[in-house]
Amino acid sequence: MRKLFTPFAFLALSATLSAQDINGGVHVGLSLPVGDLNDKADVGTNQFFGAHFGGHLDFNINPHHQVRGHITYQTFPGSRWGTGWKNDFKDLQVGADWVYSFDNPGRGWYVLAGAHLNNFKVDADRDTPPYPAYSASQSSRFGLRGGGGYSFNRSFSLEGHLNQAMVDKYGGEGFGLDTATWAQVSAVFRFK
């Protein structure tokens, strides 16, 4: 993990030192589990909607390039499968994105690509005995994301992206999934 962290730390440090403009903000929206995280029988959430909120720092390097550091808390509540299992997932994500603005950071379309570390937790229970409640957590799970958005002004934008994190399928802390994949739709508010 240290080998992966070093390039990200160097990139973040160099972007910070060369940034012309730094601002921060908050983001909030829907997290939509897809693939196995949503529909793998007895393991996924069996639910379409989740939610997230978090904060970010934007380092504007020039009018088109930006590095964004972010922290996001996500919850994916589950509903019961036919066999009675209910799985509630939670995730704390810390990462960095490279943002390219087609116009400038204050207005217009932009795309982003990033990497993140995730701390996932699942709380599962079954409504019929003799199965006890089950809880598992996995920390420092590497993930990637990509997406885009539109800035209406320097204070507000809407964005969406697809996230994927590598999780362990087996073992005492296994989720029964090879990867956790979800889409996010966010309202982004920036403060100067």
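Everything that follows concerns the structure shown earlier in this document.
Quantities reported herein were computed from a predicted structural model and do not represent experimental measurements.

Some points on the overall build of the protein chain
So, point 1. The helix and strand tally for the protein chain stands at two helices and eight strands.
So, point 2. In the protein chain, which comprises 192 residues, the proportion classed as buried is 43%.
So, point 3. Considering only contacts in the protein chain between residues 6 or more positions apart, those separated by 24 or more positions represent 64%.
So, point 4. Total accessible area on the protein chain is roughly 9,600 Å²; 66% of this is exposed by carbon and sulfur atoms.

Focus on the nonpolar core
So, point 1. Within the largest apolar cluster, 13 residues are counted, with the highest numbers of intra-cluster contacts made by Leu37, Phe89, Phe120, Phe175, Leu177 and Trp182.
So, point 2. For Leu177, the contacting residues outside a window of four places in its chain are Asp36, Leu37, Lys40, Val43, Phe89, Val167, Asp168 and Lys169.

Brief notes about the environment of Leu37
So, point 1. In this fold, Leu37 is placed in helix H2 (residues 36-39).
So, point 2. Looking at Leu37, the relative accessible area reads 0%, which means it is buried.
So, point 3. Note: C-alpha distance between Leu37 and Asp178 (141 residues apart in sequence) is 9.5 Å.
So, point 4. Contacts of Leu37, omitting those with residues within four sequence positions, involve Gly44, Thr45, Phe76, Phe89, Leu177, Ala180, Thr181 and Trp182.

Conventions used here
- Residues numbered from 1 in each chain as written.
- Predicted model: local features only at pLDDT ≥ 70, side-chain atom pairs only at ≥ 80, totals over all residues.
- Heavy atoms only, no water.
- Helix = DSSP H or I, 4+ residues; strand = E, 2+ residues; numbered from the N terminus.
- Buried < 20%, exposed > 50% of the residue type's maximum accessible area, 1.4 Å probe, protein only.
- Contact = heavy atoms within 4.5 Å.
- Areas by Shrake-Rupley, 256 points an atom, 1.4 Å probe, with all protein chains shown as cover.
- Core = buried A, V, L, I, M, F, W, Y, C linked by side-chain atoms within 4.5 Å.

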